[in-house]
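Letter by letter, the chains look like this.
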Amino acid sequence: VDTAEGARAVDAIKDAVHRTYRDEVRGDIGGFGGLFSINVAKNMADPILVSGTDGVGTKIQLAKLAGKHDTVGIDLVAMCVNDILATGAEPLFFLDYIACGKNIPERIAEIVSGVAEGCVQSGSALIGGETAEMPGFYPVDEYDLAGFAVGIVDEKDLITGKDIKAGDTLIGIASSGVHSNGFSLVRSVFKITEEALNTYYDALGKTLGEALLAPTKIYVKTLKEIKNAGVKIKGCSHITGGGFYENVPRMLHDGVHAVIEKNSYEVPAIFKMLQNDGEIEEKMMYNTFNMGIGMVLAVDPADADKVLAAVAKAGETGYVIGRVEAGEKGVTVC
């Protein structure tokens with residue numbers, strides 16, 4: 001383990017980390033613990049901390065082949081903060097963990113620059129992290145990422161799904177592509193090589209690598225705009241691993257059933273290519289990928305237009321993609 005290179009890596013990431021700091025941050029990079037003031041909760045009646053942790057999975061293999069390591073840092077933040085957003089929480093701070101076979105400061109700096117960009121997009125302070133150099137455990141060129149997010153929400157603003165009822169409208173907010181789930185299947189369909197990633201496809205309007213490495217959308221600004229519009233979000237699902245079938249029911253209570261109309265929006269070309277090239281049955285696609293929808297919200301039908309306007313104001317695209325019916329807890333994609 002080269003401790004000098006470790007110190008050089010810390011120096012290389014300082015500016016990126018400082019970009020993310022909020023007024024509540026205390027201390028600086030290099031301490032034994034990240035410090036964050038709880039004054040952020042002073043105007044809340046019953047503040048609740050919300051935490052989330054996740055990784056990027058085998059999407060890292062594509063980043064390595066493409067020689068592009070900054071977008072997976074954005075992915076790492078997105079996967080964690082979008083989960084805690086689904087509870088109504090505001091992300092506060094973030095920590096990252098990078099495990100590698102060899103500490104290459106330039107590569108670590110590129111990864112952390114992406115993490116910092118994700119933190120800026122989400123309003124999270126990057127207040128801590130760890131780079132673990134583990135020769136003999138990881139090959140020299142391999143690395144893995146994990147992230148940890150903490151947010152806060154006043155108890156009265158929690159999104160619990162308990163008020164969802166038959167007749168409510170389901171709003172889908174567009175994804176940026178595959179995001180960070182299902183890449184084991186992606187890699188089996190496309191047989192990923194450097195040449196394959198650099199191949200341009202008219203249907204995609206870009207190279208395969210550009211389509212697959214597009215960073216995961218971060219929906220903090222979008223949900224904040226919806227809240228500012230005076231809309232109560234009754235339920236929220238982050239469409240991650242398990243697609244629609246596993247994630248939409250997570251916001252439902254017993255006695256209500258979600259109906260998703262798959263023709264209510266245009267499925268992005270990358271998913272059509274995956275389905276066709278991999279000869280994947282449609283249900284498996286919706287049970288693996290986000291199919292172009294990164295977040296699903298349940299709202300009162302009277303609020304649907306307000307929600308769509310707020311989503312557009314945040315620079316994103318929203319669709320009415322379905323409804324809630326009385327029935328067994330679950331989801332139907334039709």
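You'll find the structure just up there.
Residues numbered from 1 in each chain as written. Predicted model: local features only at pLDDT ≥ 70, side-chain atom pairs only at ≥ 80, totals over all residues. Heavy atoms only, no water.

1. Concerning the environment of Ser237
Note on placement: Ser237 falls in strand 10 (residues 235-238). Separated by 65 residues in sequence, Ser237 and Gly172 have C-alpha atoms that sit 9.6 Å apart. For Ser237, the residues in contact, after removing those within four places along its chain, are Asn247, Val248, Met251, Gly294, Met295 and Val296. At 2.9 Å, the side chain of Ser237 and the backbone oxygen of Asn247 are in polar contact. (Helix = DSSP H or I, 4+ residues; strand = E, 2+ residues; numbered from the N terminus. Contact = heavy atoms within 4.5 Å. Polar contact = N/O pair within 3.5 Å; in protein donor to acceptor, adjacent residues only side chain to side chain.)

2. Some remarks on helix 5 (residues 183-190)
Note that an α-helix has 3.6 residues per turn; residues three or four places apart therefore point the same way. Among all positions in helix 5, only Phe183, Val186, Val189 and Phe190 are buried. Angularly, the buried residues of helix 5 cover 115 degrees about the axis, an arc narrow enough to put them on a single face. Here the buried face of helix 5 lies against helix 2 (59-66), helix 7 (208-212) and helix 10 (269-278). Downstream of helix 5 by a residue or two, Lys191 has a phi angle that is positive, lying close to 50 degrees. (Buried < 20%, exposed > 50% of the residue type's maximum accessible area, 1.4 Å probe, protein only. Arc of directions from axis to C-beta.)

3. Re the packing of aromatic side chains
Inspection of every chain in the model, using the stated rule, returns five aromatic pairs. Ring centres of Phe36 and Phe93 lie 5.1 Å apart, and the angle between their planes is 45 degrees; this geometry places the pair in the tilted category. Taken together, the residues Phe36 in strand 2 (residues 35-36) and Phe93 in strand 4 (residues 90-100) connect sequence positions 57 residues apart. Both residues of the pair, Phe36 and Phe93, belong to the buried class. Where Phe271 meets Phe289, the ring centres are 6.0 Å apart and the plane angle is 55 degrees; that geometry is what we call tilted. Of the two residues, Phe271 sits in helix 10 while Phe289 sits in the loop between helix 11 (282-286) and strand 12 (293-299), which places them 18 residues apart along the sequence. You'll find Phe271 and Phe289 in the same group, each marked buried. The cationic tip of Lys283 hangs over the ring face of Tyr245; the distance from NZ or CZ to the ring centre is 5.1 Å. (Phe/Tyr/Trp six-rings, centres within 6.5 Å; stacked < 30°, edge-to-face > 60°. Lys NZ or Arg CZ within 6 Å of the ring centre and 35° of its normal.)

4. Focus on the sheet that holds strand 3 (residues 47-55)
The mixed open sheet is built from four strands, whose spatial order is 3-6-4-5. Each of the sheet's edge strands pairs with one partner strand only, and the pair in question is strand 3 and strand 5 (125-133). Geometrically, the sheet is characterised by an average inter-axis angle of 15 degrees between neighbouring strands, direction not taken into account. Those strands touched by helix 3 (residues 71-85) are strand 3, strand 4 and strand 6 (143-154), and its axis lies near 35 degrees from that of strand 6. Set on the sheet, helix 4 (residues 105-122) makes contact with strand 4, strand 5 and strand 6; between it and strand 4 the angle comes to about 165 degrees. (Pairing = 2+ DSSP bridges. Axes fitted to C-alpha atoms, helices over the stretch in contact; angles between N-to-C directions.)

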